[in-house]
Amino acid sequence: RGRRDMVKTLREKGVDVKFGIHPVAGRMPGQLNVLLAEAGVPYDIVFEMEEINDDFPDTDLVLVIGANDTVNSAALEDPGSPIAGMPVLEVWNSKNVIVMKRTMGSGYAAVDNPVFYKENTSMLLGDAKTKCSELTSQVQSHYSS
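Residues numbered from 1 in each chain as written. Predicted model: local features only at pLDDT ≥ 70, side-chain atom pairs only at ≥ 80, totals over all residues. Heavy atoms only, no water.

(A) Local environment of the overall build of the protein chain. Helix and strand content of the protein chain: 5 helices and 5 strands. Put simply, the protein chain runs from its N terminus to its C terminus through helices and strands in the order α-β-α-β-α-β-α-β-β-α. Taking 145 residues into account, the globule formula puts the C-alpha radius of gyration at 15 Å, and the protein chain, at 15 Å, falls close to it. Split into buried and exposed, the 145 residues of the protein chain put 37% on the buried side. For the protein chain, the share of sequence-separated contacts (at least 6 apart) that also reach a separation of at least 24 residues comes to 68%. A total of about 8,600 Å² of accessible surface is found on the protein chain, and carbon and sulfur atoms cover 52% of it. (Helix = DSSP H or I, 4+ residues; strand = E, 2+ residues; numbered from the N terminus. Rg over C-alpha atoms; globule rule 2.2 N^0.38 Å. Buried < 20%, exposed > 50% of the residue type's maximum accessible area, 1.4 Å probe, protein only. Contact = heavy atoms within 4.5 Å. Areas by Shrake-Rupley, 256 points an atom, 1.4 Å probe, with all protein chains shown as cover.)

(B) Local environment of the environment of P82. Tracing the backbone through its elements, the reader meets P82 in the loop between α4 (74-77) and β4 (96-101). Spatially, the C-alpha atom of P82 lies 27 Å from that of F47, the residues being 35 residues apart in sequence.

(C) How the structure looks around the nonpolar core. Formed by 19 residues in total, the largest nonpolar core has its most connected members in F56, V64, V71, L89 and V91. Elements with a contribution of two residues or more to this core: α3 (49-52), β3 (61-65), α4 and β4. Formed by 11 residues, the second largest nonpolar core is a distinct cluster that contains I21, L36, I45 and V139. (Core = buried A, V, L, I, M, F, W, Y, C linked by side-chain atoms within 4.5 Å.)

(D) How the structure looks around the pairing of β4. Where β3 meets β4, 5 bridges bridge the pair, whose relative direction is parallel. Of the residues in β4, the one forming a bridge with L61 is N96. The sheet contact formed by β4 and strand β5 (residues 121-125) spans 5 bridges and is parallel. Its bridge partner lying in β5, V99 is registered against M123. (Pairing = 2+ DSSP bridges.)

Structure (structure tokens):
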């Protein structure tokens, strides 16, 4: 619900909001599409990785929620990485990145994520549901004043 309310507020204020989904995100293909639809996120703002990667250099802010391997720049920047060559959401190419996850721990592939340490990245550690609710409150407060 928090994401839906934040998206609604931002879109009402003319902010271009998009959701990018990695093809293997979730426990089965298409799971995140279903979860976003159930949360009331309009389908026309949900994009597959191949559709959205070219948009990141023109993007002011990317909010990464709970992802690790699917946004890991080592896949493209480190030929010796175990995930070298894996397609990823190239979020680090945006102007600013906020990564929201419980800890700084590595993901399923057990590969450290250089995105977490890039100059344009901020980490927002904690429970994603709680942090999304807090961000939504802040966004709504900002736009109501």
